[in-house]
Amino acid sequence: MTDKPDGRLAQWAAMFLRSQKLDATNISPAISIVDETGLTVSANALLQSVDDGGVPLFVTGHLKQIAQDNGIEVAAHWTPNEIIAALRGKRVRD
């Protein structure tokens, strides 16, 4: 896994916003869009990335922000897998 952005998340978010008839220019960056799973778009994108084999190697500020945006307080000793497990625990199942 590289740290270089490839634009896939941005493309996916734009498609999501269009499907919800939202315009990214009208949404404050501080507002997190929560979908039917009860998690933010970023959290679901992260979980999909992990399911596709892209497990983060270390805790980043972005990973902590995703957790915080979803109501998870990350302890200093947590690993990426613990954060991912906490996100999965918050996901609403059908």
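Rules used throughout
- Residues numbered from 1 in each chain as written.
- Predicted model: local features only at pLDDT ≥ 70, side-chain atom pairs only at ≥ 80, totals over all residues.
- Heavy atoms only, no water.
- Helix = DSSP H or I, 4+ residues; strand = E, 2+ residues; numbered from the N terminus.
- Buried < 20%, exposed > 50% of the residue type's maximum accessible area, 1.4 Å probe, protein only.
- Contact = heavy atoms within 4.5 Å.
- Areas by Shrake-Rupley, 256 points an atom, 1.4 Å probe, with all protein chains shown as cover.
- Axes fitted to C-alpha atoms, helices over the stretch in contact; angles between N-to-C directions.
- Parallel < 35°, antiparallel > 145°, perpendicular 65-115°, else oblique.
- Left-handed = near helix turned anticlockwise from the far one by under 90°.

1. Some points on the overall build of the chain
For the chain, the count of helices and strands is 4 helices and 0 strands. Beginning at the N terminus, the succession of helices and strands in the chain can be written as α-α-α-α. Across the 94 residues in the chain, those meeting the buried criterion constitute 26%. Summarising the internal contacts of the chain: among those between residues at least 6 apart in sequence, 47% fall at separations of at least 24. Surface summary for the chain: the accessible area is close to 6,600 Å², and the carbon and sulfur share equals 54%.

2. Quick word on the packing of helix α3 (residues 61-69) against helix α4 (residues 80-90)
Packing of α3 against α4 brings their axes to within 10 Å, and their N-to-C directions diverge by 25°. One way to sum up the angle between α3 and α4 is to call them roughly parallel. Judged by the sense of rotation from one axis to the other, the crossing of α3 with α4 is left-handed. From α3, Leu63, Ile66 and Ala67 reach across to α4, where they touch Pro80, Ile83 and Leu87.

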